[in-house]
Amino acid sequence: MSVLIFIDHADGHIKKASLEALTYGAAVAKQLGVPAAGLLLGTVQDDLAALGKYGISTIHQANNEAFNHLDAQVYSKAIAEAVTTTGATVLVFSHNQTGKAVAPRVAARLKAGVVTGAVALPDTASGFVVKKSVFSAKAFAKVNITSAIKVVSLNPNSFKIEAGEGTATINQLAITPAAGAVKVTAVNKVSGEVPLTEAEVIVSGGRGLKGPENWGLLEDLARPLHAALACSRPVADSHWRPHHEHVGQTGVQVAPNLYIAVGISGAIQHLAGVNRSKVIVVINKDPEAPFFKAADYGIVGDAFEILPKLTEEIKKIKG
Amino acid sequence: MKILVCVSKTPDTTSKIAFKDGNTRFDEAGVQWIINPHDEWFALVRAIELKEKDPSIAVHLITVGGPEAEPIIRKALALGGDEAIRINAESYDSYYTAAQIAAVAKDGGYDLVFTGKETIDFNGASVGAMLAELLDTPYISLATKFDLNGTTATISREIEGGEEVAEVALPVIVSCQKGVAEQRIPNMRGIMAARTKPLKVVEPAAAENLTEIVSFELPPAKAGVKLVDAGNVAELVRLLHEEAKAI
């Protein structure tokens, strides 16, 4: 029995969401009194042994170039083989783009129950009960996994990364990848941006900003906060901002520590994408904007006057 | 060519979320049921667009649910599906759902299976991937664009901070999200035509549930917004720094 944590990576580096998954998986293993190990498919530039500080003793690596691009079919066969080889009984993923494609697929292959979007450690007192976000973050469900092997994917930004001491032993796994059917022909990434799903702070704008030419005000605020930029659906639909910045029910669902919404009224579809944020600040000139009901802090006023002042005050704090 | 679109019945986005029977069941009182938006607006509409371009394409719809799911599947037919299958079972486990759809799809000769990226009730994002595994088919999740060129699909999918473009030979299973298509509203002609389109009811195959819902809970109520005067922005920053410790 052991806990195996899938380590996701891109551009040669381990994703932050995987560090959360490692911390979470190590805590699950501690709770069950079993060892925790990581599983990496492909290669990274990062120091793998150093991942031991997140509480894992071993990293199993299956080193093959075929694993450096995501093909869910290839990944699921390899991961299932690693589960069988290592005798793992709990498999942990991040509920990020890779986890969403792979975790349920591996679960089906292993005939294992899966809980996706977990937000807390499992209750193992009688069963394996995992709390997850449901109804677009308007409620939680506690779900018991009844199969012998259990698969959990952790919602990004819902478990604090904790690093201690220790190094992990690297164990090379002999897994030959299955032939892949998916041929990646292009990767279009906006360089230098913090991905919205991993962002600690998000500065988001709505129609209240009146046009794309005013986004410089939000960029100025985002810079000292090291924040990612986001927008509401009408803004993306009007092509003021790219679609990958749209947060909401049909866009990206986020859970930052701080979400600053400027000129967004707060339709229920927008809230469904942001209401897992720990602290919500709303700036809107309409005191009746529904977003104020979901906010922790708010200012009723003109964004064009408030934003430059807010940026200056933030700079004082952030140096 | 045959396309299978998986549709699910979900509460309307604006529904009040409440639970009953000691917080073990969703309270359906006063709830308006809709087709899961990701299934309808993106998966189904893209399938219909492909059919409009190539009328030889057949679009079949499938849902797992009791008789109360029929109004939503009729609406999906009104949007342009050719025929529908309802698997007569209630399911709260993604493996059970996927196993039911796989049992029907395996002999259906489908070249493409579309799902929404997730349902807006259980937010599992699981059924498409599980179905792909059970049918041993390639799977592309979170698709933002889908094009067909003969028997090859070109698909853009969301990755952190951007998108990836991939080519894959059919058959393939794709979970669809915003970008793949634009929402449509059924017209009167479609609604009338849907009344006579075939809706086949099949009994569920033998399959296990691998999870069970123990209980539900609502998040703790918010303390209420703390409003700061527009002329005192420094106070907001102080609160975020000292009280919320968010910056």
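Reading the values: rules and limits
Counting starts from 1 at the beginning of each chain's written sequence and moves along it residue by residue. Naming scheme: in the order in which they are written, chains are lettered from A and ligands are numbered from 1. For a predicted model such as this one, the threshold for reporting local features is a pLDDT of at least 70, and the threshold for listing and counting side-chain atom pairs is 80 or more; totals across whole chains, interfaces and linings nevertheless cover every residue. The side-chain values count all of the structure's non-hydrogen atoms but skip hydrogen atoms and water molecules. Strands here mean DSSP runs of E at least two residues long; helices mean DSSP runs of H or I at least four residues long; both are numbered from the N terminus. Note on method: radius of gyration uses C-alpha positions; expected globular size equals 2.2 Å times residues raised to 0.38. The cut-offs for exposure are 20% and 50% of the maximum accessible area for each residue type, with area from a 1.4 Å probe on protein chains only; residues under the lower value are buried, those over the upper are exposed, and the others partly exposed. Contacts between residues were defined by any pair of non-hydrogen atoms, one from each residue, lying within 4.5 Å. By buried area we mean how much accessible surface two parts lose on assembly, using a 1.4 Å probe and totalling the loss over both. Should a side-chain nitrogen of Lys or Arg be within 4 Å of a carboxyl oxygen of Asp or Glu, the pair is scored as a salt bridge. Under the rule applied, a polar contact is a pair of N or O atoms within 3.5 Å (in protein, one hydrogen donor and one hydrogen acceptor; residues adjacent in sequence only if both atoms are side-chain atoms). Three classes are used, and their members are as follows: Ala, Val, Leu, Ile, Met, Phe, Trp, Tyr, Cys and Pro are nonpolar, Asp, Glu, Lys and Arg are charged, and the others, Gly among them, are polar. Each pair of strands is called paired provided DSSP finds at least two bridges between the two strands. Angles shown run from 0 to 180 degrees and are taken between the N-to-C directions of axes, each axis being a line fitted to C-alpha atoms and, for helices, limited to the stretch in contact. Stacked, tilted and edge-to-face are the three classes applied to pairs of Phe, Tyr and Trp rings, where Trp contributes its six-membered ring and a pair requires centres within 6.5 Å; stacked means planes under 30 degrees apart, edge-to-face means over 60, and tilted covers the rest. Both a distance and an angle decide whether a charge sits over a ring: NZ of Lys or CZ of Arg must be within 6 Å of the ring centre and within 35 degrees of the ring normal. Where each domain starts and ends comes from a domain assignment, either automatic or drawn from a database. UniProt positions are given in the numbering used here, feature names are shortened, and annotations may be inferred rather than shown by experiment.

K.L.:
Give me the lowdown on the overall build of chain A, citing residues and values where you can.
P.N.:
In terms of helices and strands, chain A carries 8 helices and 17 strands. A compact globule built from 319 residues would reach a C-alpha radius of gyration of about 20 Å, and chain A, at 21 Å, matches this within 12%. Principal-axis analysis of the C-alpha atoms gives chain A an extent of 60 × 45 × 40 Å. Residues counted as buried form 60% of the 319 residues belonging to chain A.

K.L.:
How would you explain unusual backbone geometry if you had to name every residue and give the values?
P.N.:
Cis geometry is found at the peptide bond from Leu 170 of chain B to Pro 171 of chain B, where omega equals 0°. Relative to the helices and strands, Pro 171 of chain B is located in the loop between strand E11 (162-169) and strand E12 (172-176). We note that Lys 111 of chain A has phi near 50°; this positive angle belongs to a residue other than glycine. Tracing the backbone through its elements, the reader meets Lys 111 of chain A in the loop between helix H3 (97-110) and strand E7 (113-118). Owing to a relative accessible area of 39%, Lys 111 of chain A belongs among the partly exposed residues under this scheme.

K.L.:
So, the interface of chain B and chain A: which residues are in play, and what are the values?
P.N.:
In this complex, chain B contributes 78 residues to the contact, which on the side of chain A involves 84 residues. Together, the buried faces of chain B and chain A total about 7,100 Å²; carbon and sulfur atoms form 58% of this surface. Between chain B and chain A we count 9 salt bridges in total. Lys 111 of chain A is paired through a salt bridge with Glu 208 of chain B; the nearest N and O atoms lie 2.9 Å apart. Across the contact surface, chain B and chain A share 38 residue pairs in polar contact (both at pLDDT 80 or more). The residue makeup of the side of chain B that touches chain A, split by class, is 42 nonpolar, 17 polar and 19 charged. Across 7 bridges, the pairing between strand E12 (residues 182-189) of chain A and E11 of chain B is antiparallel. Note on E11 of chain B: the bridge partner recorded for Val 184 of chain A is Ala 166 of chain B.

K.L.:
Residue-level account of the sheet that holds strand E15 (residues 226-228) of chain B, with values.
P.N.:
Working definition: the strands of a sheet are paired by backbone hydrogen bonds and lie parallel or antiparallel to each other. Read across the sheet, 6 strands follow the order E14(A)-E13(A)-E15(A)-E16(A)-E17(A)-E15(B) without closing on themselves; strand pairing throughout is parallel. Of all strands in the sheet, those with a lone pairing partner are strand E14 (228-231) of chain A together with E15 of chain B, marking the two edges. The average undirected angle you get between the axes of adjacent strands in this sheet is 20°. With 4 bridges connecting them, strand E16 (residues 279-284) of chain A and strand E17 (residues 297-300) of chain A associate as parallel partners. Note that in E17 of chain A the partner of Val 282 of chain A across the bridge is Gly 298 of chain A. Sheet strands touched by helix H8 (residues 303-318) of chain A: strand E15 (258-262), E16 and E17 of chain A. Its angle to E16 of chain A, the strand with the most contacts, is close to 135°.

K.L.:
Can you break down the environment of Val 190 of chain A residue by residue, with the values?
P.N.:
Mapped onto the elements of the fold, Val 190 of chain A is located in the loop between E12 and strand E13 (201-205). When the C-alpha positions of Val 190 of chain A and Ala 137 of chain A are compared, they lie 28 Å apart, and in sequence the two are 53 residues distant. Dropping the residues within four chain positions of it, Val 190 of chain A is found in contact with His 244 of chain A together with Gly 161 of chain B.

K.L.:
Break down the packing of aromatic side chains for me, citing the residues and quoting the values.
P.N.:
This model, assessed by the stated rule, comprises 17 aromatic pairs over all chains. The positively charged end of Lys 2 of chain B is found above the aromatic ring belonging to Tyr 110 of chain B, 4.9 Å away from the centroid.

K.L.:
Can you break down the domain arrangement of chain A residue by residue, with the values?
P.N.:
Accessible area lost when the parts come together is the quantity often used to give the size of an interface. Residues and elements named next belong to chain A. The assigned domain composition of chain A is domain 1 (3-172) and domain 2 (196-318). Centre-to-centre, using C-alpha coordinates, domain 1 lies 31 Å away from domain 2. With 11 residues of domain 1 at the contact, the number on the domain 2 side is 12 residues. In this assembly, domain 1 packs against domain 2 so that about 930 Å² is buried in total across both faces, 39% of it on carbon and sulfur atoms. A per-residue breakdown of the area domain 1 buries against domain 2 is headed by Lys 16, Ser 136 and Asn 157, which together make up 49% of the total. Where domain 1 packs against domain 2, one counts 1 salt bridge. On inspection of domain 1 and its partner domain 2, the count reaches 6 residue pairs in polar contact (both at pLDDT 80 or more). By residue class, the composition of the side of domain 1 that touches domain 2 is 3 nonpolar, 5 polar and 3 charged.

K.L.:
Let's hear about the UniProt feature "binding site: FAD" (unreviewed entry) in chain A: which residues, and what values?
P.N.:
As recorded in UniProt, the sites labelled "binding site: FAD" (unreviewed entry) are Arg 207, Ser 232, Arg 233, Gly 263, Ile 264, Ser 265, Gly 266, Ala 267, Ile 268, Gln 269, His 270 and Asn 284 of chain A. Mapped onto the elements of the fold, Arg 233 of chain A is located in helix H5 (residues 233-237). Every residue in contact with Arg 233 of chain A, bar those within four places of it in the chain, is listed here: His 246 and Thr 250 of chain A together with Trp 41 and Lys 178 of chain B. Relative to the helices and strands, Gln 269 of chain A resides in helix H6 (residues 268-274).

K.L.:
How would you explain the side chain of Glu 245 of chain A if you had to name every residue and give the values?
P.N.:
Tracing the sequence through the fold places Glu 245 of chain A in the loop between H5 and E15. When neighbours within four sequence positions are excluded, Glu 245 of chain A is seen to be in contact with Glu 193, Leu 196, Leu 229, Ala 230 and Cys 231 of chain A.

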